[in-house]
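A structural walkthrough
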Amino acid sequence: MLIDFVPTVGGVSLAEAPAFKKAPGGAPANVAVGIARLGGSSAFIGKVHDDLIFFIFLELLVGEDEFGYLLTDILKQNNVDNSGVRFDPSARTALAFVTLRADGEREFLFFRHPSADMLLHESELDRNLIKQARIFHYGSISLIEEPCRSTHIAAMAAAKESGCILSYDPNLRLPLWPSADAAREGIMSIWDQADVIKISEDEISFLTGGDDPYDDNVVMEKLFHPNLKLLLVTEGSDGCRYYTKQFKGKVPGVKVKAVDTTGAGDAFVGGILNSLASDFYLHEDEERLREALLFANACGALTVTERGAIPALPTKEAVLQVLMGITA
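First, a word on what this report is: a plain description of the structure on this page. Small disclaimer: the values here were computed from a predicted structure and weren't measured.

Looking now at the nonpolar core. Counting 43 residues, the largest nonpolar core has Phe136, Tyr138, Tyr168, Trp191, Ile197, Ile199 and Leu231 as the members making the most contacts within it. With five residues, helix α4 (residues 148-161) is the single largest residue contributor to this core. Formed by 22 residues, the second largest nonpolar core is a distinct cluster that contains Ile165, Leu276, Ala292 and Leu293.

Here the focus is the state of the cysteines. A complete count under the given rule lists zero disulfides for this structure. No disulfide involves Cys148; its nearest neighbouring cysteine sulfur is the one of Cys164, lying 18 Å away. Summary of cysteine pairing: Cys240 is not part of a disulfide, and the nearest cysteine sulfur, belonging to Cys299, is at 11 Å. The exposure class assigned to Cys240 is buried, which follows from its relative accessible area of 0%.

Quick look at the pairing of strand β14 (residues 248-251) now. Pairing of strand β13 (residues 240-243) with β14, which is carried by four bridges, proceeds in the antiparallel orientation. In the sheet register, Tyr242 faces β14, and the bridge partner there is Gly249. With antiparallel pairing between neighbouring strands as the criterion, β13 and β14 make up a hairpin whose turn holds four residues.

Definitions and cut-offs
- Residues numbered from 1 in each chain as written.
- Predicted model: local features only at pLDDT ≥ 70, side-chain atom pairs only at ≥ 80, totals over all residues.
- Heavy atoms only, no water.
- Core = buried A, V, L, I, M, F, W, Y, C linked by side-chain atoms within 4.5 Å.
- Buried < 20%, exposed > 50% of the residue type's maximum accessible area, 1.4 Å probe, protein only.
- Helix = DSSP H or I, 4+ residues; strand = E, 2+ residues; numbered from the N terminus.
- Disulfide = S-S within 2.5 Å.
- Pairing = 2+ DSSP bridges.

Written out as structure tokens, the structure is:
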């Protein structure tokens with residue numbers, strides 16, 4: 001969990017931005033709110049819901065500062081149970097400055113050395129709560145430093161033992177890693193434990209050492225491991241590709257006028273996980289999977305029509321309305 005600072009105008013570098021607006025979020029928080037917005041139940045570790053669908057997200061520490069309290073309030077306002085958020089008095093909440101330059105590339109500048117999210121200890125895990133989850137979703141940023149790395153691995157093991165689906169979105173942020181090699185090694189160190197993986201085209205190129213991200217053989221031979229149920233590749237406005245042991249294909253994107261692409265991938269993840277939680281065998285039926293992925297694509301598309309990730313995350317009703325227009 002962190003605070004994004006985004007320019008008040010688009011198409012400029014961080015140095016050129018005249019001012020910034022704070023936008024609470026971070027990938028895990030975006031996904032959690034996205035699922036809640038769609039009618040599912042979501043929580044960070046230590047948060048309990050008694051609905052059928054229950055999600056656990058790994059990162060829960062924030063600084064005992066105004067930004068930390070802001071983040072917990074945002075979760076509560078968006079129907080994500082925040083009762084288990086831990087506050088660390090010795091570290092600040094992470095900050096990130098983010099902009100979309102005129103060339104379409106995002107630019108990041110992080111302040112987190114150390115930030116509270118890096119300091120989660122294994123002793124703070126409540127394994128009984130993890131056992132109540134149906135899906136355990138995580139990224140790779142918590143693998144960068146100890147003690148959070150060991151905590152991450154322990155939480156994954158507990159979730160796997162309890163029968164959770166393990167969902168992995170590496171969410172590559174190279175500036176946070178000591179080096180590109182360290183990032184590649186860290187991301188791949190837990191690759192073969194996930195049941196569901198979502199990656200982008202750029203991440204395919206990075207993880208495979210520059211191979212063609214559009215080559216199905218590259219994806220299947222280098223990234224699809226024997227225990228994987230579903231591998232998803234997001235392609236921005238062009239939609240997504242899917243790979244299972246039985247079939248593969250592509251689902252087109254939903255065309256909209258983009259304003260801010262921040263959080264689009266997280267909205268996509270929230271959409272597909274929400275569907276998967278109510279249909280554990282979704283990956284075995286291609287027709288149902290394609291329907292769920294079109295829904296997830298629409299979640300991502302609607303998110304880019306407004307500024308800021310969390311404010312733009314759509315409701316289920318809004319997504320269904322857009323899809324009705326496509327199929328009409």
